Amino acid sequence: MNIFSKITARTMKLSRTRTIVTIIGVILSTAMITAVATFGTSFQKFLVDFSISRDGDWYVATKQIAGKRADELESREEVQSAAEVKILGFALFEPAREASPEMPYLYVRSLSEQGLAMLPVDLEAGRMPENGEEIVIPSFLQANLKQEERLQIGDALTLELGERSLNGERLGQDMEYVGEGSEEGTETFTPNTTKTFQVVGIYNSWTDVSYWGAGYDVLAGPTEEETGYVDLFLKLKTPRKVYDFVEENLNNPGDVYMYNSSLLRWLGVADNDNLSTVLGGLLAILVGVIMAGSITLIYNAFSISLRERTVQFGLLASIGATKKQLRSSMRYEAFFVSAVGIPLGILSGVGGIGVTLHYIGSALTNWVQGTKKGIPLYVPWWSVLAAAFIAFVTVMISVWIPSRRIRKISPMDAIRANQDIRIRTKEIKTGAWVQRLFGMEGMMAQKNYKRDRRKYRATVVSLTMSIVLFTTAALFNTYLVATGAFVLTAPEIDLEYVIYDDVKGNEGKADEVIRQVDDVTSVYKYYIASFEILIPEEWTESETLSVYTQSVDSVEEGMVPVMTTAIILEDSDFEKFAKEQGVNVRAYDSAEHLPFLYLDQGKVFNTETERYEKTSIFPVKPEGALDSGVIDFGEEGDHSEFVKGQPVELRDAVTSLPETMAGYEGRVLILTKKSLFDKFEDVFEEINVNAKYSIQCENAAETFSKLEKKLNESGLEEAGYLENLTEQYETDKNTMAAVKVLTYGFIVLISLIAVANVFNTISTNLMLRRKEFAMMRSMGMSPKGFRRMMNYECLIYGVRAIIYGVVFTILISLGIRQSIGAGADVEFLIPWGYLAVAVVGVFVVVFLTMLYTMRVIKKNNIVEELKMN
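Residues numbered from 1 in each chain as written. Predicted model: local features only at pLDDT ≥ 70, side-chain atom pairs only at ≥ 80, totals over all residues. Heavy atoms only, no water.

### Some words on the overall build of the protein
From N to C terminus, the protein includes 27 helices and 24 strands. Looking at the 869 residues of the protein, the share that counts as buried comes to 49%. Contacts spanning at least 24 positions in sequence make up 81% of the contacts within the protein whose residues lie at least 6 apart. Total accessible area computed for the protein in this model is approximately 41,800 Å², and 53% of it derives from carbon and sulfur atoms. (Helix = DSSP H or I, 4+ residues; strand = E, 2+ residues; numbered from the N terminus. Buried < 20%, exposed > 50% of the residue type's maximum accessible area, 1.4 Å probe, protein only. Contact = heavy atoms within 4.5 Å. Areas by Shrake-Rupley, 256 points an atom, 1.4 Å probe, with all protein chains shown as cover.)

The following block contains the structure:
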């Protein structure tokens, strides 16, 4: 250790408070970086593990390929592991044919040992098969069979296995059953072999189960029997190469493959260059903001250190110390605080997230995945090294900025310490309004600010950075949630019940049954009808309208019918929705024709630009009445004619639907209220109107079971259909929940860092002004005068910080929008609500910090403070 290092160590020892504050700054910054990395990796690891437990540990699967080709694919260098599922064949099963004529087969496949390991099966009862003579059957097969025909564990089942074909072409499980009366003909079943199996288990679901195929999926254990075709599930050594692997190896005509999309998503793999751009841009902004906040926090501490040691540097320079040696003295201090602060910061970040996950992990997993498994703490070595490296770079940048001043200070200026406080007559003049509002104390605060701008600049920068940190975290939340709501389909409902038959006769009974279930928290009821409206032929240039255009033989020239979905809301719900959309519907009651709101914003994925883009459904605003009606195909079905009914008016456009609706994306959609629809009900006799119930509940699976039972008991099982939307939209809901958890957690973490930043900067600056305050007190300044002076200083800090904070927030918002805009259309957002919270928070924290620090200073002896060097 050279003499300069010894002097620095002694100075740091004498200035314990400042040294501790600097170390705390490093700890906080490192903890922030570590906590973000640890929480992100732990949460991602949980989602990856959960996805594997549900869908399997594979990346891509190819279906119904020859065994020889499967061996070739398995031997590829890129493949880490593979699981073969041998196709033993279809078997006609008479009980299944009677229960569901569209699924008359059992589809029997054999899982290899690797398949049993890579492809999870959710067992309801029994065990997994251990050899090719044992099978497990699906629970929904049991549910569809008559009670006396249901299979039991231990039963022996003899099956004739064979192939399906249609017009000489082999049919797989991906093809629906082609029965009598089909235009293509009737499929043929050709048995090849007879085999006896023992039922050893019943399963609920597995990775490759098919609910729409021609047969029920039956799984056998490993077998040495050679089969003509296999399904192959592959896991590659490098997940990111999965799309290149498919392009190179599965591009033959007739190749069928599928991705494990959920697992690949959580591994950060997507077949979309724009998505990589989006994620890269957001990550760059996030790391940049965290580093900027950290640099500000640590820079303030080193800036104060340099300010305290200016005279010391001047004396050392006067006796021959070079500027390089003086800068190395500052770097020694940086190395010291890094050696102490970075390890403690890493431990604090990991420990803090560990404690957080211990207490809230189960709640998070229950919210995101519906399971109270908790989130295990996962700390990969690379995240610790990355956090340490980023923190060290942050510290070195923080010390480099103030150390540049050493090159510009001459020894005499440093000894006099006249670089920080400069008296310029014109600059320190204050307006008369300052003294009028804040008195002499306010004038003194203003003059003090103007003659020592560097000291106050550090405080303003610190406050500005705190506002920017908070609003940036809020922007991430706002943009990601808004983009997720646009790109994903995740309705705010759990169950949906639709009445198809005798709506008027059954809806009263259904109302009573649904609301009797204890677990149901809310019910949103509306009606839905479908009919055609005539639109000008040129409107079909719209992509959405062209999809729903109907072809008819007889229709008015220049007009085409387009299939339209009408949503009929209860009056109160309709008026509330219209108000939320900013539409005045008062004049609707006096309309001559049935008036509707119409949805005029849809989304499409542009395959050329690889972006989700907003699109207008109607190319122009509909004016006047449009004819509505139905298409009559005649008794023979050889001629179609559009039959006019009630004219309708599409009056006002809306850009979204109530969150309690699901499944209407991409449709031509119009909305009205029930009282208006009832007025014109007679002219809509040919239209079938269904009633829908959007149901929210605490536990979707349990409530579904209870409600299904009650509906059956009430005789409503044939009148409608109950669906569990939580399962249907599970992936999208989980993605949105993960986004919200991460962004809200980021907001909380950043808020704590911002508060610590403000408190450290202001309290340290005030403590350095003890001599100045002691002099004012010795001259007779009252406590009230001190408060007035401090209040004015708060105003100076706050106003300037707010102006700069708003400017930087707008710039960051532009940057985030530009990054997300590479993948989806998104509006420019300014988080005014969060800005207001940040402004109020800054003033509160500044006021409380000043109150605390001044209370400490007042306890000190004036004489001792004046003696302070």
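Don't stop here, the text continues.
### Considerations on the environment of A391
The residue A391 is located in helix α12 (residues 381-403) in this model. Using a relative accessible area of 3% as the deciding quantity, one classes A391 as buried. Between the alpha carbons of A391 and V26 there is a distance of 7.6 Å; along the sequence they are 365 residues apart. Beyond its immediate sequence surroundings of up to four residues, A391 is in contact with T30, I33 and I342.

### Focus on helix α19 (residues 571-580)
Three- or four-residue spacings in an α-helix give side chains the same orientation, since the helix completes a turn every 3.6 residues. By the burial criterion, the buried members of α19 are F574, F577 and A578. Taken end-on, α19 shows its buried residues confined to a sector of 100°, consistent with a single buried face. Every exposed residue of α19 that faces more than 90 degrees away from the buried side is listed here: S572, K576, K579 and E580. Downstream of α19 by a residue or two, G582 has a phi angle that is positive, lying close to 75°. (Arc of directions from axis to C-beta.)

### Things to note about the pattern of salt bridges
Applying the stated criterion across every chain, the model contains 22 salt bridges. A salt bridge links R127 to E130; the nearest nitrogen and oxygen atoms lie 3.8 Å apart. Classification of R127 as partly exposed rests on a relative accessible area of 33%. Its relative accessible area of 57% is what places E130 among the exposed residues. (Salt bridge = Lys/Arg side-chain N within 4 Å of Asp/Glu carboxyl O.)

### Re unusual backbone geometry
In this structure, Q64 is a non-glycine residue whose phi angle is positive, near 55°. If you trace the backbone, Q64 turns up in strand β1 (residues 60-66). Overall, Q64 belongs to the partly exposed group, its relative accessible area being 21%.

### Quick notes on a positive patch on the surface
Taken together, the side chains of K784, R787, R788, R855 and K858 define a basic patch exposed on the protein surface. Going through the elements one at a time, α25 (783-820) and α26 (832-858) are the ones with two or more residues in the positive patch. Structurally, K858 is set in helix α26. You can call K858 partly exposed: its relative accessible area is 41%. (Patch = residues over 30% accessible without salt bridge, like charges linked within 9 Å, V, L, I, M, F, W, Y side chains within 5 Å. Lys, Arg positive; Asp, Glu negative; His and termini not counted. Charge placed at Lys NZ, Arg CZ, Asp CG, Glu CD.)

### Side note on the packing of aromatic side chains
Remark: the centre distance and the inter-plane angle together describe each pair of aromatic rings, the angle taken between the planes. Here the structure, examined in full by the defined rule, presents 16 aromatic pairs. Taking the centre distance of 6.0 Å and the plane angle of 40° together, the rings of F46 and F50 count as tilted. With F46 and F50 both in helix α2 (residues 16-55) and four residues apart, this pair spans about one turn of that helix. Summarising the burial analysis for this pair, F46 and F50 share the class buried. Here the aromatic rings of F140 and Y216 are separated by 5.6 Å at their centres, their planes lie at 40°, and the arrangement is tilted. Of this pair, F140 sits in helix α6 (residues 139-144) while Y216 sits in strand β9 (residues 215-220), and the two are 76 residues apart along the sequence. In this pair, the class of F140 matches that of Y216, namely buried. One aromatic cluster is present, formed by F90, Y105, Y107, Y177 and F189 through successive ring pairs. A cation over an aromatic ring shows up here: R164 above the ring of F90, its NZ or CZ 5.1 Å from the ring centre. When the ring centre of Y229 is taken as origin, the NZ or CZ atom of R170, which lies over that ring, is 3.9 Å away. (Phe/Tyr/Trp six-rings, centres within 6.5 Å; stacked < 30°, edge-to-face > 60°. Lys NZ or Arg CZ within 6 Å of the ring centre and 35° of its normal.)

### Re a nonpolar patch on the surface
A surface patch of nonpolar side chains, about 780 Å² in accessible area, is lined by L795, V799, I803, Y804, V807, F808, L811, L814 and F828. Along the chain, Y804 falls in helix α25.

### A few points about the nonpolar core
Generally speaking, a soluble globular protein has its nonpolar side chains buried in company with each other. Of all hydrophobic cores here, the largest spans 63 residues; its most connected members are Y497, I567, L597 and L707. Considering each element in turn, this core owes the most residues, nine residues, to strand β13 (residues 520-536). L111, M118, L157 and I202 belong to the second largest nonpolar core, which has 37 residues in total. (Core = buried A, V, L, I, M, F, W, Y, C linked by side-chain atoms within 4.5 Å.)

### Concerning helix α21 (residues 700-713)
Over its 14 residues, α21 extends 20 Å from the first C-alpha to the last, a length consistent with the 20 Å expected when each residue adds 1.5 Å. For α21, every residue scored as buried is listed here: A700, T703, F704, L707 and L711. Across the axial projection of α21, the buried residues extend over an arc of 100°, all falling on one side. Facing away from the buried side of α21 by more than 90 degrees, the exposed set consists of K709 and E713. (Expected span 1.5 Å × (residues − 1).)

### Some details on the side chain of T565
Mapping T565 onto the fold places it in strand β14 (residues 559-569). Judged by its relative accessible area of 6%, T565 falls in the buried class. Setting aside residues up to four positions removed in sequence, T565 forms contacts with I528, A529, S530, Y664, R667, V668, L669 and I670.

### Brief notes about the side chain of T564
Here T564 shows up in strand β14. The buried category is assigned to T564, whose relative accessible area is 0%. At 3.2 Å, the side chain of T564 and the backbone oxygen of V562 are in polar contact. When near neighbours in sequence (up to four residues on either side) are disregarded, T564 contacts A529, S530, F531, I533, V668 and I670. (Polar contact = N/O pair within 3.5 Å; in protein donor to acceptor, adjacent residues only side chain to side chain.)

### Observations regarding the environment of M128
For M128, the location among the structural elements is in the loop between β4 (121-126) and β5 (134-138). Note: C-alpha distance between M128 and A220 (92 residues apart in sequence) is 8.5 Å. When sequence neighbours within four positions are dropped, the list of residues in contact with M128 reads L111, L116, V121, L123, V136 and V200.

### A look at the pairing of strand β8 (residues 188-206)
When a strand is regular, its side chains alternate between the sheet's two faces. Taken together, the five bridges between β4 and β8 define a ladder with antiparallel strand orientation. Residue pairing across strands places A125 opposite I202, the latter belonging to β8. Bridge count for β5 against β8 is five bridges, and the pairing is parallel. Along β8, the bridge assignment pairs E134 with Q198. The pairing of strand β6 (residues 156-166) with β8 spans 10 bridges and is classified as antiparallel. Looking at the pairing, T158 lines up with T196 of β8. (Pairing = 2+ DSSP bridges.)

### Structural notes on the environment of E224
In this fold, E224 is placed in the loop between β9 and β10 (229-236). Relative accessible area serves as the criterion here: at 75%, E224 is assigned to the exposed category. Note: C-alpha distance between E224 and K86 (138 residues apart in sequence) is 9.9 Å.

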